[in-house]
Amino acid sequence: MKITFLGTGTSQGVPVIGCTCEVCQSLDYRDKRLRTSVHIEVENQSFVIDTGPDFRQQMLRERIKKIDAVLFTHAHRDHTAGLDDVRAYNFIQQMDMPVYGTKPVLDQLEVEFAYAFAKEYYPGIPRISLNQIDGADFSLNGINITPLPVMHLKMPVLGFRIKNFSYITDANFIPDETIEKLNGTEILVLNALQRAEHISHFNLQQALAVAEKINAGHTYLIHISHKLGSHADVTKELPTKVSLAFDGLQISAS
Ligand SMILES: [Zn+2]
Ligand SMILES: [Zn+2]
Ligand SMILES: [Zn+2]
């Protein structure tokens, strides 16, 4: 299984528009963070988790020629805004794009992309097929996906485990039942927004505590704000089994 980090930034991305802080002015390519999303290649299948506002740019950068399905974690705009651009894959693959999400997520997609679900078909709109999931395991083209329910302040969000790769974006609480589902995972991806505490995301200290508890082979941190610090500076203080992810990073998992 090959995993590519498409974006590793928080909702505003890094650099933040108009910001003159050290991180936003950094020349290090690892401090350029598009909105958070990941691409997974497994058994000739190609999945993305979320389609944020930078989806088009991410697909072009990674030269992704096929997407078999989109998995949605939640319906915040920084995770859904790019859905319109699945049109390119509708055209190439000559099929509706299967998307997977909980009922509240699918309902929100129908509101935000109402034109794509209009009764009267307008040529050129994105073609999307909605597939409702809940907390239960499901099979996606023969691959078992384990949803990982977590909380993002008061909003339920799904992470996903595929084999030994486990991905949790926007969260500030992981219930015990989900901790159990992470047992033995080789790779854990976890959000770590900034140093200060935040109402709906783990900060760095909380993310490191979760990483230590789950004790994956390696933990990668995502959904990073400019307030966390530069990639190079933060990296110096992380334990050996934890890294900041960065855009374009590729890893493998079994
Ligand atoms: Zn987010
Ligand atoms: Zn900044
Ligand atoms: Zn969110």
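This is a predicted model, so every value here is computed, not measured. (Residues numbered from 1 in each chain as written. Chains lettered and ligands numbered in written order. Predicted model: local features only at pLDDT ≥ 70, side-chain atom pairs only at ≥ 80, totals over all residues. Heavy atoms only, no water.)

Caption draft 1: Highlighting the overall build of the protein. Across its full length, the protein carries seven helices and 14 strands. Each principal axis of the C-alpha distribution contributes one length, and for the protein these read about 55 × 40 × 35 Å. Scored against the burial criterion, the 254 residues of the protein give a buried share of 55%. Residue pairs in contact within the protein that sit at least 24 positions apart in sequence constitute 64% of those at least 6 positions apart. (Helix = DSSP H or I, 4+ residues; strand = E, 2+ residues; numbered from the N terminus. Buried < 20%, exposed > 50% of the residue type's maximum accessible area, 1.4 Å probe, protein only. Contact = heavy atoms within 4.5 Å.)

Caption draft 2: Broad picture of the side chain of D170. Positionally, D170 belongs in the loop between β10 (165–168) and α5 (176–181). For D170, the side chain forms a polar contact with the side chain of H223, separated by 3.0 Å. What D170 contacts, discounting residues up to four positions off in sequence, is H74, H76, D78, H79, V150, H152, V157, N191, H201 and H223. (Polar contact = N/O pair within 3.5 Å; in protein donor to acceptor, adjacent residues only side chain to side chain.)

Caption draft 3: Fine view of the coordination of the zinc ion (ligand 1). Around the zinc ion (ligand 1), the protein supplies D78 (OD), H79 (NE2), D170 (OD) and H223 (NE2) as donor atoms, at distances of 2.1 to 2.2 Å. For the zinc ion (ligand 1), the four donor atoms in the first shell make angles of 93 to 160° at the metal, so the coordination geometry reads as irregular. Considered as a linear motif, the donors of the zinc ion (ligand 1) on their single chain read D-H-x90-D-x52-H. (Donors = N, O, S within 2.8 Å, 3.2 Å for Na, K, Ca; no water. Tetrahedral: all angles 85-135°; square planar, octahedral: opposite > 155°, others 65-115°.)

Caption draft 4: Focus on the nonpolar core. Residues F5 and F165 are the most contacted members of the largest nonpolar core, which totals 29 residues. Excluding its chain neighbours within four sequence positions, the residues that come into contact with F165 are M1, I3, V38, I40, F160, T185, I187, V189 and A253. In terms of nonpolar packing, the next biggest core, distinct from the first, is built from 25 residues, I168, A171, L204 and L221 among them. (Core = buried A, V, L, I, M, F, W, Y, C linked by side-chain atoms within 4.5 Å.)

Caption draft 5: Expanded view of the pairing of strand β3 (residues 45–49). Among the five residues that make up β3, five are buried, leaving the element largely enclosed by the rest of the structure. Burial along β3 is two-sided: the face carrying Q45, F47 and I49 and the face carrying S46 and V48 are both buried. Bridge analysis of strand β2 (residues 37–42) against β3 gives five bridges, and the strand direction is antiparallel. Within β3, the position partnered with E41 by the bridge is S46. Taking the residues between adjacent antiparallel strands as the criterion, β2 and β3 are bridged by two residues, where E43 takes a positive phi near 45°. In terms of strand pairing, β3 meets strand β4 (residues 69–71) through three bridges, oriented parallel. Bridging from a neighbouring strand, F47 pairs with A69 of β4. Between β3 and its parallel partner β4, the chain crosses via helix α1 (residues 55–61), and the hand of that crossover is right-handed. (Pairing = 2+ DSSP bridges. Right-handed = clockwise from strand over helix to strand, strands pointing away.)

Caption draft 6: Summary view of the sheet that holds β10. The strand order β7-β8-β9-β10-β11-β12-β13 describes an open sheet built from seven strands, whose pairing is mixed. The strands lining the two open edges of the sheet, one partner per strand, are β7 (138–140) and β13 (242–244). Within the sheet, the average angular offset between the axes of one strand and its neighbour, ignoring direction, is 25°. Where strand β11 (residues 187–191) meets strand β12 (residues 218–222), five bridges bridge the pair, whose relative direction is parallel. Each bridged residue has a counterpart across the sheet, and for L188 the counterpart in β12 is T219. Packed onto the sheet, helix α6 (residues 204–214) meets β11, β12 and β13 and runs at close to 160° relative to β11. (Axes fitted to C-alpha atoms, helices over the stretch in contact; angles between N-to-C directions.)

Caption draft 7: View of the coordination of the zinc ion (ligand 3). Summarising the metal site, the zinc ion (ligand 3) is bound by the protein donors H74 (NE2), H76 (ND1), H152 (NE2) and D170 (OD), whose distances to it range over 2.2 to 2.3 Å. In this structure, the zinc ion (ligand 3) is surrounded by four donor atoms whose angles at the metal cover 88 to 170°, and the resulting shape is irregular. Sequence spacing among the residues donating to the zinc ion (ligand 3) works out to H-x1-H-x75-H-x17-D. The zinc ion (ligand 1) is placed at 3.5 Å from the zinc ion (ligand 3), the two being bridged by D170. Since its relative accessible area comes to 0%, H74 is described here as buried. The class for H76 is partly exposed, based on a relative accessible area of 32%.

Caption draft 8: Representation of the pattern of salt bridges in the model. Scanning the entire structure with this criterion turns up 11 salt bridges. The salt bridge partner of D28 is R30, with a shortest N-O separation of 2.7 Å. With a relative accessible area of 24%, R30 lands in the partly exposed category. Between E43 and K163 there is a salt bridge, with the nearest N and O atoms lying 2.8 Å from each other. Taken together, the positions of E43 in the loop between β2 and β3 and K163 in the loop between β9 (155–162) and β10 put the pair 120 residues apart, joining distant regions of the chain. Under the relative-accessibility criterion, K163 is labelled partly exposed at 38%. (Salt bridge = Lys/Arg side-chain N within 4 Å of Asp/Glu carboxyl O.)

On their own, these measurements won't tell you what the molecule is for.
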